[in-house]
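Structural overview
These are the residues of each chain, in order.
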Amino acid sequence: MSDQLRFAGIQTSLFWEDIPANLATLEEKMWQITTPIDVIVLPEMFNTGFSMNATKLAETLNGHTHKWMKQMAKLKNAAVAGSLIIREDTRFFNRFLWVEPSGKTYFYNKKNLFSYSGEDGVYTKGQDKCIISFKGWNICPIVCYDLRFPEWCRNRIINDEYAYDILLCVANWPSSRIQAWDTLTKARAIENTSFVFAVNITGKDGKNLDYTGHSQACYPSAESFGLETEESGILYHTFDKKYLTTYRQKFSFLKDAD
């Protein structure tokens, strides 16, 4: 068990539908992390960009990108997390992978698919939440559009234990709706009495949409800590379990919930 959990979120632009270029760039950025880190977070669809070209770009669960994540997790001695396009038989998923240095992998399939972009017509929606237990912390992954749905993100108290401590969001969230992103990341932290760590991209994608990052760490008190630049960068943040325990003891809001 660790009282502190150290995160590094890689906020970057992506090469449109170019898996080798994205993995090479992300690997270079990961080697820029020289301080000890427990978790390295990559964006949504980090190896392709937010593409609907699943037939061309999908990999199997044990394909090249998953193997690369295992290698990087072992070399960096940190969990590596992010989402990519995964194929199972004839179905495609926007799947979040959490890969630990041992190679142990958790996965979560994006539940709320973005109909505005046609994502729901290409990908199969997930059905189950995933709670990751890591170094004494419980972490709940979500993917981009999931952030808009408080009922899906809802924390729970079971036998006086919170279901999760950190809501971890990976995204391709465009600049045209960045104010909603800034609001929702804080709201999910406040209403769930949890931390939120959210990683977004920058630059332009293959559909000419602009992205301005705003990756951030949010607290249930409504404080937030984000990158000062909207350019590529690495968001470092250390979460403290004692802070969260003290806050929850003082403000037991979820115990009053319906």
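Residues numbered from 1 in each chain as written. Predicted model: local features only at pLDDT ≥ 70, side-chain atom pairs only at ≥ 80, totals over all residues. Heavy atoms only, no water.

Moving on, we come to the packing of aromatic side chains. Scanning all chains against the criterion turns up 19 aromatic pairs. Of the aromatic side chains, those joined through ring pairs into one cluster are F7, W137, F195, F197, Y219, F225, F239, Y243, Y247, F251 and F253. The cationic tip of R95 hangs over the ring face of F107; the distance from NZ or CZ to the ring centre is 4.0 Å. Taking NZ or CZ as reference, K129 lies 5.5 Å from the ring centre of W152, over its face. (Phe/Tyr/Trp six-rings, centres within 6.5 Å; stacked < 30°, edge-to-face > 60°. Lys NZ or Arg CZ within 6 Å of the ring centre and 35° of its normal.)

Applying the stated criterion across every chain yields a total of 11 salt bridges. Across the salt bridge formed by D210 and K204, the nearest N and O atoms sit 2.8 Å from each other. Given the relative accessible area of 36%, D210 is considered partly exposed. For K204, a relative accessible area of 45% corresponds to the partly exposed category. (Salt bridge = Lys/Arg side-chain N within 4 Å of Asp/Glu carboxyl O. Buried < 20%, exposed > 50% of the residue type's maximum accessible area, 1.4 Å probe, protein only.)

Another aspect to go through is the environment of P43. For P43, the location among the structural elements is in the loop between β2 (39-41) and α2 (54-57). Overall, the relative accessible area of 0% leaves P43 in the buried class. In sequence terms P43 and G233 are 190 residues apart; their C-alpha atoms lie 12 Å from each other. (Helix = DSSP H or I, 4+ residues; strand = E, 2+ residues; numbered from the N terminus.)

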